[in-house]
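Chain by chain, the residues run as shown.
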Amino acid sequence: MPVFACLLCVLFLGAQAVASERSKTPDAPGFLHQQAASLKVRWRSHYLAKPPAPSTDRQRTAFSVGLLLAEAELILQTQDAQQFRNITQELIAACRALGLSEAIMPRLMTQAQMAQQNAWEQLLPDLRACCDHLLGLLRQQRDSDLALFVESGHWLRLLEICLAPLRTDAPDEATSRLLRLAAKQATSGVVSSIKSLSAGAAGSPLGRQLRSLATRLEPLDQASAVLAVGIDEALRASDAAALPGGATPR
């Protein structure tokens, strides 16, 4: 009995530590917009070269949704209506693969229309609410790990976006300092999301890749190159598990 009580105590303290860490982490939806308000960055030059391709692996698809949500917020900073419509189509396809299209597609289509009408101020809060709605739907379906894979992808892409101007834009000292601060906050979001995965999800091909990636994000000067390779490796690992020999890079 004392051993059992001790085990319960360890599990409780571990859960408290994770909960405490997550409570200190800012929300991913809206994070980039908060940072961008005080930054002069050529956001348009930092779009994804190619959105993640569709997959039969649900974990990978959830991770891809996170990448796409961050990309949508990046595009919102540039107010590029066509690019926003394109990323909306990618999101609809990914949500359909997760069985969420009926619940989320009308909202995504409305957002695409808002972008076409240049209603950017109204679009930001709706995009944030859409993110929360999507995560809530996954948790209602008892897919908490899928929600965490969405969050992990969201934070990793946000981190990649924050680091990109440091590598290519030669920002001034003040902008560089703010970007580094934002990158550190995004790193905390990455680590928190990945640490919260269940043992089963953390042991999956995607989970293992993400855990490895999370340990290689310091120092920040090296993180950009690590992310460029690490995100692709994570996508390929889950693809290979779902369709042996059929991995598709993003």
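This structure is a prediction, so every number in the text was calculated from the model and none was measured. (Residues numbered from 1 in each chain as written. Predicted model: local features only at pLDDT ≥ 70, side-chain atom pairs only at ≥ 80, totals over all residues. Heavy atoms only, no water.)

Q: Sorry if this is basic, but what is going on with the overall build of the protein chain here?
A: Helix and strand content of the protein chain: 11 helices and zero strands. Secondary structure elements in the protein chain, listed N-terminal to C-terminal, are α-α-α-α-α-α-α-α-α-α-α. Each of the 250 residues in the protein chain was classed as buried or not, and the buried ones make up 50%. A separation of at least 24 residues holds for 73% of the contacts in the protein chain among residues at least 6 apart in sequence. A total of about 12000 Å² of accessible surface is found on the protein chain, and carbon and sulfur atoms cover 55% of it. (Helix = DSSP H or I, 4+ residues; strand = E, 2+ residues; numbered from the N terminus. Buried < 20%, exposed > 50% of the residue type's maximum accessible area, 1.4 Å probe, protein only. Contact = heavy atoms within 4.5 Å. Areas by Shrake-Rupley, 256 points an atom, 1.4 Å probe, with all protein chains shown as cover.)

Q: When you look at the packing of aromatic side chains in this model, what are you seeing that I'm missing?
A: Ring pairs (aromatic) are described by centroid distance and by the angle formed between their planes. A complete count under the given rule lists two aromatic pairs for this structure. Ring geometry for phenylalanine 31 against tryptophan 155: centres 5.1 Å apart, planes inclined by 70 degrees, an arrangement best described as edge-to-face. With phenylalanine 31 in helix H2 (residues 31–36) and tryptophan 155 in helix H7 (residues 144–168), this residue pair connects regions lying 124 residues apart in the sequence. Exposure class is identical for phenylalanine 31 and tryptophan 155. Each is buried. Taking the centre distance of 6.2 Å and the plane angle of 80 degrees together, the rings of phenylalanine 84 and tryptophan 120 count as edge-to-face. (Phe/Tyr/Trp six-rings, centres within 6.5 Å; stacked < 30°, edge-to-face > 60°.)

Q: Honestly, the nonpolar core in this entry has me stumped. Any pointers?
A: Nonpolar side chains in soluble globular proteins tend to be buried together. Trp43 and Phe63 are the most contacted members of the largest nonpolar core, which has 77 residues in total. A per-element tally of this core places H7 first, with 12 residues. Other than its neighbours up to four places away in sequence, phenylalanine 63 contacts Phe149, Val150, Ser152, Gly153, Leu156, Leu206, Leu210, Ile231, Ala234 and Leu235. (Core = buried A, V, L, I, M, F, W, Y, C linked by side-chain atoms within 4.5 Å.)

Q: Which parts of the structure should I look at to understand the layout of surface pockets?
A: To find leftover empty space, a probe the size of one water molecule is rolled over the atoms. Each pocket or cavity is described by its volume, and for the second largest pocket that value is around 190 Å³. Along the walls of the second largest pocket sit 12 residues, with His46, Arg157, Glu160, Ala164 and Arg167 positioned nearest its centre. The set of elements that each furnish at least two residues to the lining of the second largest pocket consists of H7 and helix H11 (220–242). The dominant element in the lining of the second largest pocket, judged by the number of residues it contributes, is H7, at five residues. Among the residues forming the lining of the second largest pocket, the class breakdown is five nonpolar, three polar and four charged. (1 Å grid on protein atoms, 1.4 Å probe; cavity = no way out; pocket = protein on both sides within 12 Å on 5 of 7 lines; lining within 4 Å. Points joined across faces, edges and corners; volume = space filled by probe spheres on them. Nonpolar A, V, L, I, M, F, W, Y, C, P; charged D, E, K, R; others polar.)

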